[in-house]
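# Fold and geometry: a report
Here is how the chains run, residue by residue.
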Amino acid sequence: MPELISHPAAFLDIRRASKSFGAGKVLDGVDLAVERGEFVSLLGPSGCGKTTLLRIVAGLLGADQGHVMLDGADISAKPPHHRDVGVVFQSYALFPHLTVAENVAFGLHAKGTEKSSIRPIVAKFLDLVHMSAFADRSVKALSGGQQQRVAVARALAVGPKLLLLDEPFSALDRKLRETMQIELKRLLRELGTTAVFVTHDQDEALIMSDRIAVMNRGLIEQLATPDTIYRRPATAFALEFVGLSTRLRGKVSAMEGAGELLIDTAFGSIRANGNHLPGSSVLIGVRPERMVFGARDGANTVAAAIQDIVFQGSRIQVHFVSGIDEPFLLETGGELPAGLAPGQQVPLSWSIADTLVYPAGPSA
Amino acid sequence: MSGARLDRMIWLALPAVAYLAVVYALPLLWLLGRSVTGPDGFTIAQFTAFFADPFSWRVMGNTLRIAFWVTLLSLVIGYPVAIAMARARGLMQVMLLVAMILPLSIGVVVKAFAWQIVLRRDGVISQGLVAIGIWAEPQRLLFTEAGLIVGATNVFLPFMILPIYSVVKLIDPRLTEAGATLGASPFYRFRKILLPLALPGIVSGSAFVFSMAVSMFVIPSLLIGDRFQTLATLTGRSYLLMRNEALGSTTAVILLVIAVSIVVLSTWLSKRVGRSL
Ligand SMILES: Nc1ncnc2c1ncn2[C@@H]1O[C@H](COP(=O)(O)OP(=O)(O)O)[C@@H](O)[C@H]1O
Ligand SMILES: [Mg+2]
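Numbers given for residues are sequential positions, taken from 1 along each chain in its written order. Each chain is given a letter, starting from A, and each ligand a number, starting from 1, according to the order in which they appear as written. Since the coordinates come from a predicted model, pLDDT governs what is reported: local features require at least 70, and pairs of side-chain atoms require 80 or more to be given and counted, while whole-chain, interface and lining totals use all residues. In computing side-chain properties, one takes all heavy atoms of the structure into account and sets aside hydrogens as well as water.

Residue and element names in this part refer to chain A. Split into domains, chain A comes out as domain 1 (12-234) and domain 2 (244-359). How far each domain reaches was decided by an automatic or database domain assignment. Relative to domain 2, the C-alpha centre of domain 1 lies at a distance of 39 Å. Facing six residues of domain 1, the contacting portion of domain 2 comprises nine residues. Computed with a 1.4 Å rolling probe, the buried area is the accessible surface lost when two parts are put together, summed over both parts. For the pair domain 1 and domain 2, the summed buried surface comes to about 560 Å²; carbon and sulfur atoms form 40% of the total. In terms of surface lost to domain 2, no three residues of domain 1 exceed Tyr230, Arg232 and Pro233, which account for 78% of the buried area on that side. Here, a salt bridge means any Lys or Arg side-chain nitrogen found within 4 Å of an Asp or Glu carboxyl oxygen. The tally of links from domain 1 across to domain 2 stands at zero salt bridges. Here a polar contact means two N or O atoms within 3.5 Å. Within protein one must be a hydrogen donor candidate and the other an acceptor candidate, and residues neighboring in sequence count only if both atoms are side-chain atoms. If you look at where domain 1 meets domain 2, you find four residue pairs in polar contact (both at pLDDT 80 or more). Residues are grouped as follows: Ala, Val, Leu, Ile, Met, Phe, Trp, Tyr, Cys and Pro are nonpolar; Asp, Glu, Lys and Arg are charged; every other residue, Gly included, is polar. Tallied by class, the residues present in the side of domain 1 that touches domain 2 amount to four nonpolar, no polar and two charged. Throughout, a contact is declared for two residues whenever any of their heavy atoms are within 4.5 Å.

See the structure below:
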């Protein structure tokens with residue numbers, strides 16, 4: 001693979017990883033590059049292959065094809081216990097016959113760490129996850145959040161090159177989850193640990209990640225910063241999966257100049273920037289906070305009737321009757337114009353630069 | 001379940017308790033009584049006489065030695081089988097379970113006679129060992145201790161496999177995976193994760209097999225014969241052939257004490273192990 005050698009390898013470099021179970025192709029040639037010290041989330045719907053990819057990186061599952069490079073070495077053929085890849089399992093997988101401290105010490109003993117240095121290391125990591133007071137408890141007596149902390153301490157205590165976390169917070173309630181997200185992010189930053197974090201929760205991914213890999217049906221569709229993923233989703237799937245949006249189908253009627261499109265929709269002609277041949281079907285997307293009340297020159301304008309006004313504390317969301325499957329969405333952090341009520345027909349606009357366009361199937 | 005409900009449920013056990021009291025507890029009491037009764041009433045003379053006789057010690061030695069080897073062999077063969085059964089999926093798992101449970105439907109006598117054929121000088125074991133060059137010439141395994149151990153292990157094996165299987169099946173496979181990602185080699189994982197978690201199953205399987213092996217009667221009668229006596233065969237002979245109730249009740253009580261201590265010890269052991277799990 002000469003073209004790969006010409007690139008300097010990333011700290012974790014997954015190359016064309018494929019995996020099938022029977023007839024079902026679960027991973028379809030996944031490429032993923034993670035830099036040293038980076039926190040990357042694998043974000044995708046349930047069943048898209050996130051856990052499978054993680055297990056391949058950890059060596060718990062063999063890939064049909066492809067390579068896993070870590071810190072400059074090809075670890076594809078190494079067994080899990082020689083990989084220096086830590087895993088925090090979705091079910092925690094704490095050893096039920098051992099105490100909290102013994103769980104954290106397990107990897108150190110297994111690796112033959114000098115006995116005298118094990119105690120201080122265990123103490124340090126229990127302290128980092130605020131579990132020192134529970135050192136001699138049985139892990140079976142812990143709450144979900146506490147087990148979670150022990151699982152993180154156990155995985156980090158051996159000093160892995162890479163930490164993999166498989167939906168570690170999915171069993172926790174919302175409040176605890178938010179605390180743990182911030183704590184874990186801070187802990188990994190302090191330790192400088194490189195981490196790949198699996199989640200199907202977009203908020204979690206947006207909050208925690210340096211970069212997000214949006215995964216769909218065994219492929220990574222976009223790898224970018226949370227900001228880019230949100231503002232410039234690379235695919236229609238990324239647009240739909242991350243955040244709210246108004247989506248319209250249409251057909252390109254003309255392309256003017258340097259990629260300026262004119263698109264026919266049920267709401268009239270819409271302008272956008274992009275490269276699509278005249279006659280092709282496209283999907284148009286707009287983020288709700290990019291929509292504003294009132295017509296503007298040089299912007300896309302439509303008229304629609306208000307369906308609901310949803311008060312969300314710091315934000316207000318307005319739904320408009322669109323005549324299509326999903327309503328138009330407008331979200332504002334400020335005040336609504338006076339006297340708005342459901343049923344009222346009002347003009348809405350958004351700028352051409354905020355109009356996202358994706359190729360769509362011919363079925364409009 | 002509330003206390004009151006539990007109380008009422010207890011009556012469901014009454015038929016079983018009554019049945020056991022009549023056919024089990026009463027004869028047992030009679031047996032116990034007989035072992036400490038002489039011509040002049042209460043005596044422990046039968047026990048002192050028994051323990052004074054070197055032959056008695058040889059019999060007890062035979063009993064415990066055979067039971068020990070049968071238990072050990074069952075464990076060595078049964079443990080991997082139990083693991084394989086717990087890890088197998090679908091049709092494979094069903095086939096393994098059937099293969100283990102089906103032989104239980106064949107009576108011990110039939111199995112012991114079958115082993116007589118297998119262990120003969122011209123039996124498959126002897127011929128097989130000669131064929132692969134381990135033995136220079138055919139030998140008889142029948143009426144030897146080795147033959148008895150092999151045959152008894154075959155009969156009792158399911159009672160080792162089932163308790164281990166039922167415990168191992170509940171061990172989360174993620175635990176050994178977690179061990180691996182923490183840097184533990186396969187052997188270290190076996191020693192520090194699988195073995196301690198399987199221990200309650202190993203203890204109760206061993207207790208089952210050991211207590212059945214110390215008290216087996218038909219298998220030694222058919223596979224090793226009269227020249228080799230165990231507590232169980234001696235008890236049987238005392239009652240059936242020698243009409244010596246004094247000796248028979250004494251050996252029976254000693255056998256009972258051994259079996260009960262094994263049950264008590266193993267219960268205590270798996271509770272202790274269970275608590276630390
Ligand atoms: N061991 C397996 N045998 C057969 N199918 C599997 C196995 N593991 C996963 N799959 C299938 O692969 C797909 C992806 O699974 P997974 O990687 O667990 O998804 P995710 O973690 O993204 O929810 C699912 O459709 C799942 O049913
Ligand atoms: Mg998963």
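As a further point, take the sheet that holds strand β17 (residues 316-321) of chain A. Residue and element names in this part refer to chain A. In short, DSSP must find at least two bridges between two strands for them to pair. In DSSP terms, a helix is any run of H or I states spanning at least four residues, a strand is any run of E spanning at least two, and both are numbered starting from the N terminus. Pairing within the open sheet is antiparallel, and its five strands lie in the order β15-β19-β16-β17-β18. In this open sheet, the two edge strands, each paired with only one partner strand, are β15 (292-293) and β18 (328-332). Here strand β16 (residues 299-311) runs beside strand β19 (residues 345-351); their pairing, made up of seven bridges, is antiparallel. When the bridges of β19 are listed, Thr301 appears paired with Ser349.

Looking now at the pairing of strand β3 (residues 39-43) of chain A. Residue and element names in this part refer to chain A. Burial within β3 is extensive, with five of its five residues counted as buried. Accessible area is worked out with a 1.4 Å probe on protein chains only. A residue is then buried under 20% of its type maximum, exposed over 50%, and partly exposed in between. Neither face of β3 is left uncovered, since the one carrying Phe39, Ser41 and Leu43 and the one carrying Val40 and Leu42 both have all their residues buried. In this sheet, strand β8 (residues 194-199) lies alongside β3 in parallel orientation, the contact comprising five bridges. Bridging across to β8, Leu43 finds its partner in Thr199.

Turning next to the side chain of B:Glu177. Here B:Glu177 is to be found in helix α9 (residues 173-181). Assessed through its relative accessible area of 15%, B:Glu177 is described here as buried. For B:Glu177, the contacting residues outside a window of four places in its chain are A:Arg55, A:Leu60 and A:Phe89.

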